[in-house]
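Below, each chain spelled out in residue letters.
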Amino acid sequence: MSHDGVGLRAVMRSAAFLTAGVLAVPLLSACSADDEGDRPAAAQDIAPASRDQVADGGTLRWAVDAVPETLNAFQADADAATSRVAGAVLPSMYRLDANGRPQINPAYLESAKVVGTEPKQVVLYKLNQQAVWSDGREIGAADFAAQWRALSGKDAAYWTARNAGYDRIEKIERGKNNLEVRVTFARPYADWKSLFSPLYPKSVMGTADSFNDGARRKLKVSAGPFAVKKVDVKGGQVQLTRNPRWWGSPTKLSEIDLVAVARDKRATALAADELDMAEIDPADAERITAARGRSGPLKGASATGTQSPGTGRDKGEKDDSGEKTGKSKDEKARDDGKSKSESDSDSDESSDGDEKDTSGAEGSKAKAADQQAALSAFVVRKSLEPAYTQLALNGSEGPLADERVRRAVARALDRKELAKVVLKPLGLPAEPVGSHLALIGQAAYSDNSGALGGQDTAEARALLADAGWVPGGPVTEQKKTEKAAGSKGKKADTDDSPGDDGTYIVGEDNKPSEADRDLRKDPKDHTGAHERTSAQSGIQADEQQAGKQYAKQGGAQGAYAPKGTAAPAGAASGALAKDGKPLTLRFVLPSGQGSESLRAVADRIAQMLQRIGIRTDISKVSDASYFKDHIASGQYDLALYSWPGSAYPATDARPIYSKPVPAADGSLSVEQNYTRVGTDQVDQLFDQALSTLDEGEERSLVRKADARIWAAAGSIPLYQRPQLTAVRTGLANAGAFGFQTPVYEDMGFLKKGAHPVASPSKTG
């Protein structure tokens, strides 16, 4: 789980998403179509090229958020970098295709199928006879059995993050020969394909000590196209080199370096020739697009990065010492030019020191210009990330404990408009997500939002009236420290950084804001803020509108209030009240750099809620405290964060939507259901879906569960997150992967004169 700007890090990997799949009241009936979304909303963008077009050799420097704390993907502090390493160096029985559906990985499996259901489910794996660990030992039943015992949950000495699926296994044994593995389940398990991906050697899984500590900073034995050469915590990188015992298609790259670079430093690192590929934010994508001579929205920024002869980091040029520099002729020429310029500059400075004193500002401009020019060596590849952003409604207390109020909030939202705020400036399809449990293109996907209903202001107001919230009701004067109706909680950990508005209340001014007026414009009107001409302007404009509306001096009385200030009685004619308290919901948001689009969406949501009489008390808190101190602890009414999609929703999504239950100490055990909203029916549908071995029936049950989740209105899916990747021109089979598992052995730099296949995601 994550919120935009902080990224899919350790939170995403906590407890619910450690399988290979990572990354819905009328009758409550789900769509019956077998494959409503047979293709993803946006295709992957990786500049595909045949292997014979890709040069042998070269090092790919790929940005990650941080050096992973552990290389064991089944530990609680595993993160996205852990998964990236595991994907390159360890076996996976299944990998995801471009539609987010699991497919047999032929490098390790010849076949895998259910060979028996009575009296027990039995799955027979037939392994690729060439599959061996890097120490020469065959991959076999002993490795499967060791991983099962470690992850079964029966031995508390193993510090595991989860045991889903493995806890259903009864025994694992060798088949007719060493290449067969028979897995017998004590209880039927529909998502058996999620198991043993990744698969660790028995030397890691065999004992609690080796599991807990043996694979945190090193992985001595591997079985992927690459192997771990070095984990350099101080230097901030993980080095992966070719596995000499790899039996599959030879790796094109000699080495992959995973380099730790913070999001806000990546453009600088790219320009400084420290990276070849990095996921970036829209503002940096806009810079790269501009550097390549493009203007307007990122609609044209999805170029494949075709290189002309002599460009790109293919095999690398040799320097005077005969060593490969990894730089093209053009890059070397740029460096030579820079050196000459610096030499001339030094000469000028030594002859005339006074000029140095007057050149500071111009020097900064020149440096910025050089950096911008360097970014022209990259292209932005874009798709939709296999994750969606949702509006979470905390149903544990306050007004949102009433399902009618939650449903009213949901019915007030124009989800299509919210998707446009983020995706349209990037030239990506702005389709709202219609499922909590699958994304467009996946087998289980079905738009079940009809179980709740679409945007309907009149219906939303009627629901609030039925719940007792009426306009113009008396409001009891509150003490300064007393909360209006909404979640109880500790004081917000606000970020005092420049430009942060702290806390303000939307809805205490009956004049429409600029953002509100934008929403009312004719969608065909291509002028003004409604149609943005760039990703950056679209994001910044919403922030500027929020600042003008709520923070300017001399604004309308009540438009801005310090945190904790009670709403004045009768401040707005449309405001709702009940039992002497105004209907104000605390909307918690991250304040850090990179969360601009999230805050722009929140501003639009606040304006939509204002129309039905709900005021929002917006609190911007530090990124560090956002999840731990607010989302996980339930100190919010409304919040925006993301969940990754999964190929195995019955397994992976259950902890997110299962009904919270009282713990032995009297507290509420929520697992990962941070909205605290759940029903017995949803739990039963998940249980049934997990226990059927009929794939069609499983999909139907998952869709029914999703319809029930929609009806409960604890979380409202909004849009699939954008995936923007800066890639050095000439790098093939890499970029914005979308759903698909990267094929590490095919990634590499194009040969001189070679061209990739046209990008399937390129739009006009």
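Residues numbered from 1 in each chain as written. Predicted model: local features only at pLDDT ≥ 70, side-chain atom pairs only at ≥ 80, totals over all residues. Heavy atoms only, no water.

Enquirer: So what's going on with the overall build of the chain? Residues and values would help.
Expert: What the chain contains, in helices and strands, is 21 helices and 24 strands. Accessible surface, the chain as shown: approximately 30500 Å² in total, 48% of it carbon and sulfur. (Helix = DSSP H or I, 4+ residues; strand = E, 2+ residues; numbered from the N terminus. Areas by Shrake-Rupley, 256 points an atom, 1.4 Å probe, with all protein chains shown as cover.)

Enquirer: Describe in detail helix α11 (residues 403–412), supporting the description with residues and values.
Expert: Most of α11 sits inside the fold, with eight of its 10 residues counted as buried. V405, R406, R407, A408, V409, A410, R411 and A412 are the residues of α11 that are buried. Taken together, the buried residues of α11 touch β12 (378–393), α13 (457–466), β17 (584–590), α16 (596–610), α21 (695–712) and β22 (715–728). (Buried < 20%, exposed > 50% of the residue type's maximum accessible area, 1.4 Å probe, protein only. Contact = heavy atoms within 4.5 Å.)

Enquirer: Could you give me a rundown of the pairing of strand β4 (residues 109–116), with the residues and numbers involved?
Expert: Of the pairings in the sheet, the one linking β4 to strand β5 (residues 122–127) comprises six bridges and is antiparallel in character. Across the sheet, the residue bridging to S111 is K126, located in β5. What sits between the antiparallel neighbours β4 and β5 is a turn of five residues. (Pairing = 2+ DSSP bridges.)

Enquirer: How would you summarise the pattern of salt bridges if you had to cite specific residues and measurements?
Expert: Once their charged atoms are close, side chains differing in charge can pair, the charge on each being opposite to the other. One pass over the structure, following the stated rule, counts 26 salt bridges. The partner of D466 in a salt bridge is R404, and the shortest N-O contact between them spans 3.2 Å. Highlighted residues: D466 in helix α13 and R404 in helix α11, separated in sequence by 62 residues. What makes D466 exposed here is its relative accessible area of 52%. It is possible to trace a salt-bridge network through shared partners that takes in R61, D273, D276 and R728. (Salt bridge = Lys/Arg side-chain N within 4 Å of Asp/Glu carboxyl O.)

Enquirer: How would you explain the packing of α11 against α13 if you had to name every residue and give the values?
Expert: Interhelical geometry of α11 versus α13 gives an angle of 165° and a closest axis separation of 8 Å. Here α11 is positioned roughly antiparallel relative to α13, judged by the angle of their axes. In the packing of α11 onto α13, the handedness of the crossing is left-handed. Taken together, the residues of α13 that come into contact with α11 (itself represented by R404, V405, R407, A408, R411 and A412) are T457, E459, A460, L463, L464 and D466. A class-by-class count of the residues in the contact of α11 with α13 yields six nonpolar, one polar and five charged. (Axes fitted to C-alpha atoms, helices over the stretch in contact; angles between N-to-C directions. Parallel < 35°, antiparallel > 145°, perpendicular 65-115°, else oblique. Left-handed = near helix turned anticlockwise from the far one by under 90°. Nonpolar A, V, L, I, M, F, W, Y, C, P; charged D, E, K, R; others polar.)

Enquirer: Give a detailed account of the sheet that holds strand β13 (residues 470–471), specifying residues and quantitative values.
Expert: Read from one edge to the other, the open sheet built from three strands follows the order β13-β15-β16, with strand pairing classed as antiparallel. Both outer strands of the open sheet, β13 and β16 (581–582), are each paired with one neighbouring strand and no more.

Enquirer: Residue-level account of the side chain of T725, with values.
Expert: Within the secondary structure layout, T725 lies in strand β22. Not counting residues up to four positions away in its chain, the partners in contact with T725 are M277, A278, E279, V379, V380, R381, G735 and A736.

Enquirer: Describe helix α7 (residues 282–291), with residues and values.
Expert: Inspection of α7 places P282, D284, A285, E286, I288 and T289 among the buried residues, and these make up the whole buried set. Positive backbone phi, at 80°, marks G293, one or two positions downstream of α7.

Enquirer: Tell me about the sheet that holds β5, and please be specific about residues and values.
Expert: Strand order in this open sheet of four strands is β4-β5-β7-β6, and the pairing throughout is antiparallel. Two strands lie at the open edges of the sheet, namely β4 and β6 (169–174), each paired on one side alone. Put simply, the sheet's adjacent strands are angled 15° from each other on average, direction ignored. The pairing of β6 with strand β7 (residues 180–185) spans five bridges and is antiparallel. If you follow I169 over to β7, its bridge partner there is F185. Sheet strands touched by helix α3 (residues 141–151): β5, β6 and β7. Its angle to β6, the strand with the most contacts, is close to 160°.

Enquirer: Can you explain the packing of aromatic side chains? Please cite residues and give values.
Expert: This structure, assessed with the given rule, holds 18 aromatic pairs. For the ring pair F74 and Y200, a centre distance of 6.1 Å and an interplane angle of 70° mean the geometry is edge-to-face. With F74 in the loop between β1 (59–64) and α2 (80–89) and Y200 in the loop between β7 and α4 (202–205), this residue pair connects regions lying 126 residues apart in the sequence. Comparing F74 with Y200 shows no difference in burial state: the two are buried. Considering the side-chain rings of Y125 and W192, the 6.3 Å spacing of their centres and the 80° angle between planes classify their relative orientation as edge-to-face. Here Y125 is found in strand β5, whereas its partner W192 is found in the loop between β7 and α4, with 67 residues between them in sequence. Grouping residues by exposure puts Y125 and W192 together as buried. Taken together, the ring pairs connect F74, Y94, Y125, F144, Y166, W192, F196 and Y200 into an aromatic cluster. Seen from the ring of W62, R84 lies directly overhead, with NZ or CZ sitting 4.1 Å from the centre. (Phe/Tyr/Trp six-rings, centres within 6.5 Å; stacked < 30°, edge-to-face > 60°. Lys NZ or Arg CZ within 6 Å of the ring centre and 35° of its normal.)

Enquirer: Could you give an account of the nonpolar core, with specific residues and numbers?
Expert: When a protein is soluble and globular, its nonpolar side chains tend to lie buried together. Counting residues in each nonpolar core, the largest one holds 110 residues, and the members touching the most others are M93, Y125, F196 and L240. A total of seven residues in this core trace back to one element, the largest contributor, which is α3. Not counting residues within four places of it along the chain, the set of residues in contact with Y125 comprises M93, L109, S111, A112, F144, L179, E180, V181, V183, W192 and F196. In this structure, A285, F378, A460 and W469 belong to the second largest nonpolar core, which totals 68 residues. (Core = buried A, V, L, I, M, F, W, Y, C linked by side-chain atoms within 4.5 Å.)

Enquirer: I'd like to hear about the environment of A419, residue by residue, with values.
Expert: For A419, the position within the fold is in helix α12 (residues 415–423). Residues A419 and A430 lie 11 residues apart in sequence; the distance between their C-alpha atoms is 5.1 Å. Here A419 is in contact with K424, A430, E431, P432, L718 and Y719, once residues within four sequence places are set aside.

Enquirer: Lay out unusual backbone geometry with the relevant residues and their values.
Expert: With the exception of glycine, most residues fall at negative phi, and the peptide bonds are largely trans. The linkage connecting E118 with the following residue, P119, adopts the cis geometry, with an omega of 0°. Here P119 is to be found in the loop between β4 and β5. Looking along the chain, the bond that leaves S197 and enters P198 is cis, with omega of 5°. Although it is not a glycine, F196 adopts a positive phi angle of roughly 60°. You can see F196 is positioned in the loop between β7 and α4. Positive phi is not limited to glycine here, since D273 has a value of about 60°.

Enquirer: Outline the environment of V682, listing residues and values.
Expert: Here V682 lies in helix α20 (residues 680–691). Look past the residues within four positions of V682 in its chain and what remains in contact with it is Y657, A705, R708 and I709.

Enquirer: Which residues make up the side chain of Q44, and what values do they have?
Expert: Mapped onto the elements, Q44 comes out in the loop between α1 (10–13) and β1. In this structure Q44 comes out as buried when scored by relative accessible area, which is 17%. At a separation of 3.1 Å, a polar atom in the side chain of Q44 contacts the main-chain carbonyl oxygen of F737. A polar contact of 2.9 Å, which involves the side chain of Q44, links it to the side chain of Q740. (Polar contact = N/O pair within 3.5 Å; in protein donor to acceptor, adjacent residues only side chain to side chain.)

Enquirer: Outline the pairing of β17, listing residues and values.
Expert: Looking along a regular strand, one sees side chains alternate from face to face of the sheet. Most of β17 is tucked away: seven of the seven residues are buried. Here β17 shows two buried faces, one formed by T584, R586, V588 and P590 and the other by L585, F587 and L589. In terms of strand pairing, β17 meets strand β18 (residues 615–621) through seven bridges, oriented parallel. By the bridge assignment for β18, T584 is matched with R615.

Enquirer: Tell me about the packing of α12 against α16, and please be specific about residues and values.
Expert: Running from amino to carboxyl end, α12 crosses α16 at an angle of 155°, the nearest separation of the two axes being 9 Å. It follows from the interaxial angle that α12 and α16 lie roughly antiparallel. In this structure, α12 meets α16 at a crossing whose hand is right-handed. Contacts between α12 and α16 involve E417, L418, V421 and V422 from the first element and S597, A600, V601, R604, I605 and M608 from the second.

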